[in-house]
Amino acid sequence: MALNTAPLKDQADLLRRGLADLHAEDLELASILDAEVTRQHRTLSLVSSSCAVKPHTLVASASALVNVTAEGMPGRRHRTGCENVDRVEALAIRRALELFDAHYAGVQSHSASSAISQVLSALLEPGDTLLGMAHDHDGDLALGSPAVLTGAYYKAIRYGTTADGLIDYAQVRSLALAHRPRIIICGAQAYSRVVDFERFREIADEAGAILLADISYIAGLVVTGRHPNPINAAHVTITCTHKQLGGPRGGLILSGRDANTKVPGLKSTFSRVLDQAVFPRMQGAPAVNMIAAKAAALGYAKSPAFDACMERVRTLADEMARAFQAHDYDVVGGRSENHTVLIRLRGAMTGAIAESALEGCGLLVNKHRVPGETRSSWVTSGVCIGTGSMAQRMIDPPGCRQVVALICQVLDSVTPLGEEDYRQDPAVREQLRSQVQALCASYPIIDYLER
């Protein structure tokens with residue numbers, strides 16, 4: 001197949017041409033990408049960090065901005081040819097400020113993990129103490145785990161949850177006063193209840209600490225008013241732009257009332273040191289095409305359609321928690337107040353087996369540790385389920401109950417043979433997979449993408 005060599009007219013022509021050329025020049029890769037679209041349509045993602053990206057956001061990420069190198073900030077670049085890059089980044093910043101009611105927004109971070117490292121590098125010296133949630137109690141690996149760079153550079157003290165799966169604020173205060181950390185981090189992966197950011201700030205102020213909030217998993221609920229906004233409780237807030245915001249892989253660094261105050265022990269303000277931590281300290285040229293995609297996602301997050309989607313997220317989380325309890329499963333925390341439902345599995349069933357068996361039937365979940373966990377993070381005794389993708393598919397409460405029933409059928413069809421091995425009748429697996437595909441066809445993701 002000959003390539004089209006006619007002059008390009010505009011962005012739309014560029015994208016059409018690129019898609020055609022990909023199939024002409026690299027059919028092997030194009031076929032894999034097409035197969036992934038099919039897989040996403042025919043399986044139901046219940047992963048708490050999973051959301052589909054709107055087509056206009058995909059277009060922005062594939063824009064010609066990818067050709068521009070743009071170290072620096074809008075109006076202060078180290079390269080020429082950045083006129084439109086400046087306009088795009090200024091737009092993304094303005095939309096982030098408006099959406100989160102912030103006083104400062106940095107949009108260049110390549111991911112939330114990058115944003116965390118950048119913030120910590122700006123506010124800590126190697127060896128300083130930070131206090132964050134333990135990974136075994138729903139904390140994010142990037143928030144000081146010894147397995148990652150932040151845990152290696154800083155002294156990480158860990159707080160946890162109570163036996164009921166609730167943040168142990170008394171323990172947070174006790175540890176903060178005992179260790180006097182430079183930073184306290186509040187943020188979680190599978191925590192299903194509301195985070196009391198104001199209480200965290202009270203503890204931070206009492207201990208003389210800086211408060212950092214990570215809302216990567218709940219940002220959509222925050223910006224639509226369905227979860228408290230930490231922007232003025234925390235000195236600094238970070239989030240990713242995928243997960244609930246349905247944008248590209250990327251991070252945001254935000255600050256509210258403290259943005260223009262001086263960092264304790266430093267001569268500069270929070271906004272100044274945060275900018276410098278991204279560039280030049282930790283990151284070179286930003287991915288400006290992804291900044292455009294962030295702007296697209298942040299714009300959509302202000303729409304009535306996004307608000308309606310977040311309302312479904314909450315409705316479905318409540319419905320799912322009740323449905324699992326009706327099937328005699330223990331819901332950690334007793335209920336959901338956001339988008340996640342953490343289930344404690346029964347008997348010899350492990351999270352590793354449940355995750356694998358459910359994926360084999362077209363249902364995608366994450367294994368996860370639960371309070372009182374005795375198994376490793378590779379095995380676990382629970383699974384974490386999120387309702388973001390269900391909400392995007394317009395699944396209603398009866399459909400949600402059908403999803404829970406299918407999950408329970410899959411788990412009931414499995415015989416554990418160890419912590420990770422199991423037996424399942426192949427015919428039963430195929431029957432359940434067909435039921436999941438039929439459900440996905442009844443609630444197609446394309447309906448969301450086209451609205």
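The numbering scheme is per chain: residues are counted from 1 as the chain's sequence reads. Only residues with pLDDT of at least 70 are given local features in this predicted model, and only at 80 or more are side-chain atom pairs given and counted; all residues enter the totals for whole chains, interfaces and linings. As a convention, hydrogens and water are excluded, and side-chain values are obtained from all of the structure's heavy atoms.

(A) Spotlight on the layout of surface pockets. Taken as a whole, the largest pocket encloses approximately 870 Å³ of empty space. As for the largest pocket, its lining consists of 30 residues, and the residues nearest its centre are Gln40, Cys51, Ala52, Val53 and Leu58. Secondary structure counts use DSSP, requiring at least four H or I residues in a row for a helix and at least two E residues in a row for a strand, with both numbered from the N terminus. At the level of secondary structure, the elements contributing two or more residues to the lining of the largest pocket comprise helix H2 (27-42), helix H3 (55-61), helix H14 (388-392) and helix H17 (445-450). Only Asp, Glu, Lys and Arg are considered charged in this grouping, and only Ala, Val, Leu, Ile, Met, Phe, Trp, Tyr, Cys and Pro are considered nonpolar; every other residue, Gly among them, is considered polar. Tallied by class, residues from the lining of the largest pocket come to 12 nonpolar, 13 polar and five charged. Of the volumes computed, that of the second largest pocket is approximately 560 Å³. Method remark: on a 1 Å grid restricted to protein atoms, a set of points is classed as a cavity if a 1.4 Å probe fits but cannot get out and as a pocket if it is open with protein on both sides within 12 Å along at least five of seven lines; lining residues have an atom within 4 Å of a point. For the second largest pocket, the lining is made up of 16 residues, of which Leu19, Leu22, Leu33, Leu58 and Ala62 are closest to its centre. Grid points are joined across faces, edges and corners, and a volume is the space filled by probe spheres set on the points.

(B) Local environment of the UniProt feature "modified residue: N6-(pyridoxal phosphate)lysine" (unreviewed entry) in the chain. UniProt positions are given in the numbering used here, feature names are shortened, and annotations may be inferred rather than shown by experiment. With numbering aligned to this structure, UniProt lists the feature "modified residue: N6-(pyridoxal phosphate)lysine" (unreviewed entry) at Lys243. Tracing the chain through its elements places lysine 243 in the loop between strand E9 (236-240) and strand E10 (251-255). Three labels apply to residues, based on accessible area from a 1.4 Å probe with only protein chains included: buried if under 20% of the type maximum, exposed if over 50%, partly exposed otherwise in between. Residue classification places lysine 243 among the buried residues on the basis of a relative accessible area of 12%.

(C) Region of interest: the sheet that holds strand E15 (residues 382-386). Reading across from one edge, E11-E12-E15-E14 is the order of the four strands in this open sheet, with antiparallel pairing throughout. Looking along the sheet, the strands with just one partner apiece sit at the ends: strand E11 (330-331) and strand E14 (366-368). Sheet topology note: the E11/strand E12 (residues 340-344) ladder contains two bridges and is antiparallel. Bridging across to E12, valine 331 finds its partner in isoleucine 343. We call two residues in contact when some of their heavy atoms are within 4.5 Å. Think of each axis as a best-fit line through the C-alpha atoms, taken over the contacting stretch in the case of a helix, with angles from 0 to 180 degrees between the N-to-C directions. Against the sheet, helix H12 (residues 304-326) makes contact with E11, E12 and E15, and its axis sits at roughly 15° relative to E12, the strand it touches most. Along the sheet, helix H13 (residues 351-360) makes contact with E14 and E15, crossing E14 at roughly 170°. Two strands pair under a simple rule: DSSP has to find at least two bridges between them.

(D) How the structure looks around the environment of valine 263. As for its placement among the helices and strands, valine 263 is situated in the loop between E10 and helix H10 (270-282). Separated by 141 residues in the primary sequence, valine 263 and alanine 122 have C-alpha atoms spaced 9.7 Å apart.

(E) Just the pattern of salt bridges, in detail. Between Lys or Arg on one side and Asp or Glu on the other, a salt bridge is scored when a side-chain nitrogen of the former is within 4 Å of a carboxyl oxygen of the latter. The full count for this structure, using the stated rule, is 20 salt bridges. A salt bridge links arginine 39 to glutamate 36; the shortest N-O distance between them is 2.7 Å. Separated by three residues within a single helix, arginine 39 and glutamate 36 lie in helix H2, roughly one turn from each other. A salt bridge links glutamate 430 to arginine 433; the nearest nitrogen and oxygen atoms lie 2.5 Å apart. Of the two residues, glutamate 430 and arginine 433 are both situated in helix H16 (residues 426-442); the distance of three residues between them amounts to about one turn of the helix. Judged by its relative accessible area of 39%, glutamate 430 falls in the partly exposed class. Connected through shared salt-bridge partners, Arg77, Asp86 and Glu89 make up one network.

(F) Looking closely at empty space enclosed by the protein. This structure, assessed with the given rule, holds four cavities of 30 Å³ or more. In terms of lining, the largest cavity is formed by 16 residues, of which the most central are Ala188, Tyr191, Val195, Tyr217 and Ile218. Its residues assigned to classes, the lining of the largest cavity comprises eight nonpolar, six polar and two charged. Where each domain begins and ends is defined by an automated method or by a domain database. When residues of the lining of the largest cavity are assigned to domains, at least three fall in each of domain 1 (64-302) and domain 2 (304-448). As a volume, the second largest cavity reaches approximately 50 Å³. In terms of lining residues, the second largest cavity is bounded by Met73, Tyr104, Gly106, Val107, Gln108, Ser109, Ile253, Asp275 and Val278. Of all the elements in the fold, those that place two or more residues in the lining of the second largest cavity are strand E4 (104-106) and H10.

(G) The packing of H13 against helix H15 (residues 397-412), seen in detail. Where H13 contacts H15, the two axes come as close as 9 Å, and the packing angle between them is 115°. Taken together, the axes of H13 and H15 are roughly perpendicular relative to one another. In the packing of H13 onto H15, the handedness of the crossing is right-handed. Facing Ala354, Ala357 and Leu358 of H13, the residues of H15 in contact are Ile407, Val410 and Leu411. Each angle receives one of four descriptions, namely roughly parallel if under 35 degrees, roughly antiparallel if over 145, roughly perpendicular if within 65 to 115, and oblique otherwise. In this scheme the crossing of two helices becomes right-handed for a clockwise turn of the near helix relative to the far one and left-handed for an anticlockwise turn of less than a right angle.

(H) Fine view of the nonpolar core. Residues belong to one nonpolar core when they are buried, are Ala, Val, Leu, Ile, Met, Phe, Trp, Tyr or Cys, and are joined through side-chain atoms within 4.5 Å. Membership of the largest hydrophobic core comes to 99 residues, with the highest contact counts inside it found for Phe100, Phe200 and Phe324. Looking at this core element by element, the count peaks at nine residues for H12. Formed jointly, this core draws a minimum of three residues from each of two domains, domain 1 (64-302) and domain 2 (304-448). When residues no more than four places from it in sequence are discounted, the contact partners of phenylalanine 324 are Tyr329, Val331, Val341, Ile343, Ile385, Val404, Ile407 and Cys408. Counting 26 residues, the second largest nonpolar core, distinct from the first, contains Val119, Tyr154, Ile183 and Ile210.

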